[in-house]
Amino acid sequence: MFFTNIKLAKKYNYLNEKFLKAYDWLESHDLNSLPAGKYEIDGGDVFANVQEYTTLPVEEKKFEAHDKFFDIQYLIEGVEFFGICDREGLKVKEAKPENDVLFFETPDTYGHVILHPNEFIVVAPEDAHMPGCCMDKPASAKKAVIKVRV
């Protein structure tokens, strides 16, 4: 799975060396057995955060975006409703530049994908996204979020 628009597909090379290192890391590790934590892939340019969490209702989640990194959000276990939209025009609720994250008010309309194990979505800095949402009721999930420096 890959989700973007033509403007961003022309702007970014989603098969450059940094992305290929991230994909290789995902393919070469037993992700089910990795404990939660941070894993270096290519210094500060490419690294993974393995997370174990409980998905939550959409009403309890926030849209977010990053300026310095792409996210490759790879679901290892569980099922996740994942909101996505263009961040242009969204109202910022909170900024945490030290963590490279902006939180936005939820827009009236947005798209979504449903992630199952071994599926991922690549989120560009221009994309606002709302990860970690449940389908029907909260459930356990495990994910690797690969950060790729712009």
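Note: the structure precedes this text.
Everything numeric in this text was worked out from a predicted model, so none of it was measured.

Novice: Account for the overall build of the chain, naming residues and giving values.
Specialist: The number of helices and strands found in the chain is two helices and 11 strands. Helices (α) and strands (β) of the chain occur, in sequence order from the N terminus, as α-α-β-β-β-β-β-β-β-β-β-β-β. Computed over the C-alpha atoms, the radius of gyration of the chain is 15 Å, within 12% of the 15 Å expected from 2.2 N^0.38 for a compact globule of 150 residues. Taking the principal axes of the C-alpha coordinates as reference, the chain spans close to 40 × 35 × 30 Å. Expressed as a percentage of the 150 residues in the chain, the buried residues total 45%. In the form shown here, the chain has an accessible surface area of approximately 8000 Å², with 50% of it arising from carbon and sulfur atoms. Measuring between centres, the 18 positive side-chain charges of the chain sit 4 Å from its 26 negative side-chain charges.

Novice: Tell me about the nonpolar core, and name the residues and values.
Specialist: Membership of the largest hydrophobic core comes to 24 residues, with the highest contact counts inside it found for Tyr 14, Trp 25, Ile 72 and Ile 146. Sorting the residues of this core by element identifies α2 (17-28), β2 (46-54), β4 (69-77), β9 (120-123) and β11 (140-149) as the ones contributing at least two each. No other element matches α2, which puts five residues into this core. Look past the residues within four positions of Ile 146 in its chain and what remains in contact with it is Ala 22, Trp 25, Leu 26, Ile 41, Val 46, Phe 47, Ala 48, Phe 70, Asp 71 and Ile 72. Grouped together as the second largest cluster of nonpolar side chains are 10 residues, Phe 81, Cys 85, Leu 90 and Cys 133 included.

Calculation notes
Residues numbered from 1 in each chain as written. Predicted model: local features only at pLDDT ≥ 70, side-chain atom pairs only at ≥ 80, totals over all residues. Heavy atoms only, no water. Helix = DSSP H or I, 4+ residues; strand = E, 2+ residues; numbered from the N terminus. Rg over C-alpha atoms; globule rule 2.2 N^0.38 Å. Buried < 20%, exposed > 50% of the residue type's maximum accessible area, 1.4 Å probe, protein only. Areas by Shrake-Rupley, 256 points an atom, 1.4 Å probe, with all protein chains shown as cover. Lys, Arg positive; Asp, Glu negative; His and termini not counted. Charge placed at Lys NZ, Arg CZ, Asp CG, Glu CD. Core = buried A, V, L, I, M, F, W, Y, C linked by side-chain atoms within 4.5 Å. Contact = heavy atoms within 4.5 Å.

Everything listed here is a matter of coordinates, which is why it stays silent on function.
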